[in-house]
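Architecture and fold: a report
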Amino acid sequence: MEGVRHRAAEGIQIAAEPGVAATGNCSRRVNSGPNSIHRRPRRTSRGTLTACLRSPLPLPASLEAAPGTPDLTKLPWIERPAGVPYFVTSQGEPWTPIGQNDAITWPELEGLFRQRDLPGVERHLLHLRDTGVTCLRLMLEYVQGNHRFLERPAGRFVPAMVQLWDELFRLCERVGMRILLTPFDTFFTWVRWQHHPYNISNGGPCSSRTRLLVCPATRNFIKARLAFATRRWGSSGVIFAWDLWNEMHPAQAENQQDAFAEFIDDVGPFLRDLETELYGRAHLQCVSVFGPELLSSPAIADPIFRHPRLDFASSHFYETGTIDHPADTVAPAVSVGRLTRDALSHIIDQRPFLDSEHGPIHSFKDRHSTLPEAFDDEYFRHIQWAHLASGGAGGGMRWPNRSPHVLTPGMRAAQAALSRFLPLLDWPRFQRRNLNEEISISGAPVHAFGCADLRQAIIWLLRPTLGAAVTNRGRTLRQVDQSGEAALTLTVPGLTPGFYEVVLWDTRVGRELKRVPAQAVAGAGLEIPVRFDGADLALAVRPVECHEGEPG
């Protein structure tokens, strides 16, 4: 913990225009039990927020909360093409989110605070870019301790934190790195609620953490935070998208069944309208959910995956046992394939889907165990390929859950290998559907993960045989057996009859192995004979140019 403390009066304060009060609280007494259901709060009106300086201390001109930042306008924005479940830049180039979760207090970004090591942070971002990383997922505040609150007290923005984000946006713009940005660290806000500035006991607006999503006064502060952020940094294409609320949970809304949709209906248009007013366009929006909660609260699937005001869908893959506490590197991949397929089944408009958090959280947080590096590298690589091949955008975004809290060199190499594979597909025209259960296999046993449309396909094959066991803190762990050769024939349904080229890809080293011809026949599908060494193989299927006498 840093020894720096901030005076409550030091900061940049938001003042609301009429109709959007930035003060007040929801001080009525509440029942916080799991079955507590209260009436739906009145929807607050929307309005344009203006930022103003309120500080007894002089601040650098760079900290003035002026709308737009002239030097943050060069990087193209990220957009979603109509009817296509992937992303493009505003210049029409394909763009895929490859990256992980990071935090402003973790080792690779901690040099931002008070400009302690900006060259080190820039070197890190350059390294990420050079290994194929395109995006980081970050929270505007990360409050595991008491020295990174964005507002303190509520409504007053801490100058050192504003400066931190100024520097990060400047460096990301220079490097070409984008951010999936979410306004709150909801986990530590929940578990350390007694310390949070939004707590009414600390002068904040909210009487209980169980009312974070439904308290009208708190809603105004949430809008004010988003308004401040987009006025200051929203002109930049560094923002890939807004995750309007990290891990929406019924407990944050007094278990009100309609609270998720009401929050999205209110906060989403407010932010979109403001950005459109400021910039003539708006950044993409999503909300995220702790994946296992979908099992106990199935009704929340509708706003998470299908809400008409959101641009794409996101979930956090923390399945019990297989993903959050893995014993081998096959079961997590199989789970990711199934969870991705299930997520896509909820989506009815071909919006993109991505897992924006996953990792061995139970192993790390509850069992206090960091997975052995070789095992974790393979677990990581298998998850990202299962996600991509099953129809997810990118490889998913790992929460490190390691000590120290960073990805390993092997994971960076896996991201680079995935990024080199991406140009093999025509993403802006890939209207995929999941085929994990439709691809048929004859020959060697493998798990098949795949998606396709009428003219393209991605397939990833994983052999199920496990190798020798290793012991980690008394627990047996197994990776995939890399020995031997697999020979099989795949049949992929649904492709237009004609001739195709299949690129076989080594996922471990990130290089093309060879290309094989294949033909799709009406009613029979596309047959692909495959022979490979090792544990897994990726395939990119694409049509060949028509030749005289051949079907198109």
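Residues numbered from 1 in each chain as written. Predicted model: local features only at pLDDT ≥ 70, side-chain atom pairs only at ≥ 80, totals over all residues. Heavy atoms only, no water.

**Comments concerning the overall build of the protein chain**
Broken down by element type, the protein chain carries 11 helices and 25 strands. For the protein chain, the proportion of its 552 residues judged to be buried stands at 59%. By sequence separation, contacts in the protein chain at least 24 residues apart represent 77% of the contacts at least 6 residues apart. With an accessible surface of roughly 20,900 Å², the protein chain has 51% of that area assigned to carbon and sulfur atoms. (Helix = DSSP H or I, 4+ residues; strand = E, 2+ residues; numbered from the N terminus. Buried < 20%, exposed > 50% of the residue type's maximum accessible area, 1.4 Å probe, protein only. Contact = heavy atoms within 4.5 Å. Areas by Shrake-Rupley, 256 points an atom, 1.4 Å probe, with all protein chains shown as cover.)

**Section: the sheet that holds strand β4 (residues 87-89)**
Read across the sheet, 3 strands follow the order β3-β4-β5 without closing on themselves; strand pairing throughout is antiparallel. Single-partner strands in this sheet number two, and they are β3 (78-79) and β5 (94-95). (Pairing = 2+ DSSP bridges.)

**A short note on the pairing of strand β20 (residues 475-480)**
The pairing of strand β19 (residues 466-472) with β20 spans 5 bridges and is classified as antiparallel. For L466, the partnering residue across the bridge sits in β20 and is V480. The antiparallel pairing of β19 with β20 creates a hairpin that spans 2 residues between the two strands, and R473 there sits at a positive phi of about 50°.

**Points about the pattern of salt bridges**
Applying the stated rule across the entire model yields 30 salt bridges. Where D376 meets R402, a salt bridge forms, and the shortest distance between an N and an O atom there is 2.8 Å. With a gap of 26 residues between them, D376 in helix α10 (residues 373-389) and R402 in the loop between β14 (397-398) and α11 (409-421) connect regions that are remote in the sequence. On the basis of relative accessible area, D376 is assigned to the buried category, the value being 0%. Judged by its relative accessible area of 9%, R402 falls in the buried class. The shortest N-O distance in the salt bridge between D536 and R381 comes to 3.0 Å. Note that D536 is positioned in strand β25 (residues 536-543) and R381 in helix α10, a separation of 155 residues in sequence. Considered together, D536 and R381 belong to a single accessibility category, that of buried residues. What emerges from the salt-bridge pattern is a single network uniting R219, K223, E262 and D266. (Salt bridge = Lys/Arg side-chain N within 4 Å of Asp/Glu carboxyl O.)

**Quick look at the nonpolar core**
Counting 125 residues, the largest nonpolar core has L125, W165, F240 and F421 as its most contacted members. Aside from chain neighbours lying at most four places away, what touches W165 is I104, L138, M139, L140, L150, I179, L181 and W233. Counting 27 residues, the second-largest nonpolar core is a separate cluster that includes L435, L461, V516 and A518. (Core = buried A, V, L, I, M, F, W, Y, C linked by side-chain atoms within 4.5 Å.)

**A closer look at the packing of α10 against α11**
Two elements in contact, α10 and α11, have axes separated by 8 Å at closest approach and are oriented at 25°. The orientation of α10 relative to α11 falls into the category roughly parallel. Crossing hand, α10 versus α11: right-handed. In this structure, α10 contributes E373, D376, D377, F380, R381, Q384, W385 and L388 to the contact, and α11 contributes P409, G410, M411, A414, Q415, A417, L418 and F421. Class assignment of the residues belonging to the contact of α10 with α11 gives a composition of 9 nonpolar, 3 polar and 4 charged. (Axes fitted to C-alpha atoms, helices over the stretch in contact; angles between N-to-C directions. Parallel < 35°, antiparallel > 145°, perpendicular 65-115°, else oblique. Left-handed = near helix turned anticlockwise from the far one by under 90°. Nonpolar A, V, L, I, M, F, W, Y, C, P; charged D, E, K, R; others polar.)

**Examining the pairing of strand β13 (residues 353-358)**
Most of β13 is tucked away: 6 of the 6 residues are buried. As paired strands, strand β12 (residues 313-317) and β13 are joined by 5 bridges and run parallel to one another. Its bridge partner lying in β13, A313 is registered against F353. Since β12 and β13 lie parallel, the crossover through helix α8 (residues 331-346) that links them has a hand, and here it is right-handed. (Right-handed = clockwise from strand over helix to strand, strands pointing away.)

**Looking at the environment of L138**
Mapping L138 onto the fold places it in strand β7 (residues 135-139). A sequence separation of 45 residues divides L138 from P183, and the C-alpha atoms of the two residues are 8.6 Å apart.

**Some words on the sheet that holds strand β18 (residues 457-462)**
Spatial strand order, β15-β17-β18-β25-β22-β23-β24-β21-β16: 9 strands in an open sheet with antiparallel pairing. Among the strands making up the open sheet, the edge pair consists of β15 (433-434) and β16 (440-443). Looking at chain direction, β16 and strand β21 (residues 485-492) are connected through 4 bridges and run antiparallel. Looking across to β21, one finds that S442 is bridged to T489. Contacts from α8 reach β15, β17 (447-452) and β18 within the one sheet, and its direction differs from that of β17 by about 30°.

**Observations concerning α10**
The terminal C-alpha atoms of α10, which comprises 17 residues, lie 24 Å apart, in line with the 24 Å expected from a rise of 1.5 Å per residue. When you tally the buried positions in α10, you get 15 out of 17 residues, the bulk of the element. (Expected span 1.5 Å × (residues − 1).)

**Things to note about the packing of aromatic side chains**
Here the structure, examined in full by the defined rule, presents 29 aromatic pairs. Centre to centre, the rings of F87 and F240 are 5.1 Å apart; their planes meet at 80°, and the pair counts as edge-to-face. Highlighted residues: F87 in strand β4 and F240 in strand β10 (residues 239-243), separated in sequence by 153 residues. Here F87 falls in the buried class, since its relative accessible area comes to 1%. Judged by relative accessible area, which is 0%, F240 ranks as buried. (Phe/Tyr/Trp six-rings, centres within 6.5 Å; stacked < 30°, edge-to-face > 60°.)

**Description of α11**
Across its 13 residues, α11 extends 19 Å between first and last C-alpha, which sits within 8% of the 18 Å expected from 1.5 Å per residue. Of the positions making up α11, those classed as buried are M411, R412, A414, Q415, A416, A417, L418 and F421.

**Focus on unusual backbone geometry**
The step from R152 to P153 runs through a cis peptide bond, and the omega angle for that step is 0°. Position of P153 among the secondary structure elements: in the loop between β7 and β8 (156-157). In the segment running from S403 into P404, the intervening peptide bond is cis, with an omega of 0°. Of note, P404 is situated in the loop between β14 and α11. The backbone of N255 sits at a positive phi, close to 60°, despite the residue not being glycine. Note on placement: N255 falls in the loop between β10 and α5 (259-279). The buried category is assigned to N255, whose relative accessible area is 17%. One non-glycine residue, N401, adopts positive backbone phi at about 50°. Turning to its location among the elements, N401 is positioned in the loop between β14 and α11. A residue is classified by how much of its surface remains accessible, and N401, at 3% relative accessible area, is buried.

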